[in-house]
Amino acid sequence: MPLKEELKSIIIKSGWTMTQIVEKLNKKHGKDTTVQNFSSKLARGTLKYTEVEEVLDLIGYKIEWIQKKD
């Protein structure tokens, strides 16, 4: 599953909406990003790694790096 679909799925499964995510991020950073802008970045795959981390932290998730075994 592509990252954008996986992130959307996790957001929804956590009981959050895109609007709630954007509102929280805007409040935290004093910005006025729109849901449409956030969704577009997600669809284009242009969210920064730090932005993904922040969204996941907000909804109670974290990124874990696991070494693959060949």
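For the structure, check the block above.
None of the values given here were measured: they were computed from a predicted structure.

Procedures and definitions
- Residues numbered from 1 in each chain as written.
- Predicted model: local features only at pLDDT ≥ 70, side-chain atom pairs only at ≥ 80, totals over all residues.
- Heavy atoms only, no water.
- Phe/Tyr/Trp six-rings, centres within 6.5 Å; stacked < 30°, edge-to-face > 60°.
- Helix = DSSP H or I, 4+ residues; strand = E, 2+ residues; numbered from the N terminus.
- Buried < 20%, exposed > 50% of the residue type's maximum accessible area, 1.4 Å probe, protein only.
- Axes fitted to C-alpha atoms, helices over the stretch in contact; angles between N-to-C directions.
- Parallel < 35°, antiparallel > 145°, perpendicular 65-115°, else oblique.
- Contact = heavy atoms within 4.5 Å.
- Nonpolar A, V, L, I, M, F, W, Y, C, P; charged D, E, K, R; others polar.
- Core = buried A, V, L, I, M, F, W, Y, C linked by side-chain atoms within 4.5 Å.
- 1 Å grid on protein atoms, 1.4 Å probe; cavity = no way out; pocket = protein on both sides within 12 Å on 5 of 7 lines; lining within 4 Å.
- Points joined across faces, edges and corners; volume = space filled by probe spheres on them.
- Patch = residues over 30% accessible without salt bridge, like charges linked within 9 Å, V, L, I, M, F, W, Y side chains within 5 Å.
- Areas by Shrake-Rupley, 256 points an atom, 1.4 Å probe, with all protein chains shown as cover.
- Salt bridge = Lys/Arg side-chain N within 4 Å of Asp/Glu carboxyl O.

Caption draft 1: Structural detail: the packing of aromatic side chains. Tallied over the entire structure, the rule returns one aromatic pair. Each ring, one from Y49 and one from W65, has its centre 6.2 Å from the other, and the planes form 50°; the classification is tilted. Residue Y49 is found in helix 4 (residues 49-58), and its partner W65 is found in the segment after helix 4; the two are separated by 16 residues along the sequence.

Caption draft 2: Representation of the environment of I12 in the model. Mapped onto the elements, I12 comes out in helix 1 (residues 3-13). A residue is classified by how much of its surface remains accessible, and I12, at 62% relative accessible area, is exposed. A C-alpha to C-alpha distance of 9.9 Å links I12 and I59, two positions 47 residues apart in sequence.

Caption draft 3: Geometry of the packing of helix 2 (residues 18-29) against helix 4. Following both chains from N to C, one finds helix 2 and helix 4 inclined at 110°, their axes separated by 11 Å at the closest point. Judged by the inter-axis angle, helix 2 sits roughly perpendicular to helix 4. In contact with I21, K24, L25, K28 and H29 of helix 2, helix 4 contributes E54, V55 and L58. Partitioned by chemical class, the residues of the contact of helix 2 with helix 4 number four nonpolar, one polar and three charged.

Caption draft 4: Examining the nonpolar core more closely. Within the largest apolar cluster, 14 residues are counted, with the highest numbers of intra-cluster contacts made by L7, I11, I21, F38 and V55. Mapped by element, the contributors of at least two residues to this core are helix 1, helix 2, helix 3 (35-44) and helix 4. In contact with I21, not counting residues within four places along its chain, are I11, W16, F38, V55, L58 and I59.

Caption draft 5: Structural detail: the layout of surface pockets. Computed from the structure, the largest pocket encloses a volume of approximately 300 Å³. Residue lining of the largest pocket: 14 residues in total, with L25, K31, T33, K41 and E51 positioned closest to the centre. Of all elements in the fold, only helix 2, helix 3 and helix 4 reach the threshold of two or more residues within the lining of the largest pocket. For the lining of the largest pocket, the element with the highest residue contribution is helix 2, accounting for four residues.

Caption draft 6: Just a nonpolar patch on the surface, in detail. A grouping of Y49, I63 and W65 is seen on the molecular surface, where their side chains present a nonpolar patch of about 370 Å² in accessible area. For Y49, a relative accessible area of 39% corresponds to the partly exposed category.

Caption draft 7: Spotlight on the side chain of E54. Along the chain, E54 turns up in helix 4. Setting aside anything within four residues of it in sequence, one finds E54 in contact with L25, K28 and H29.

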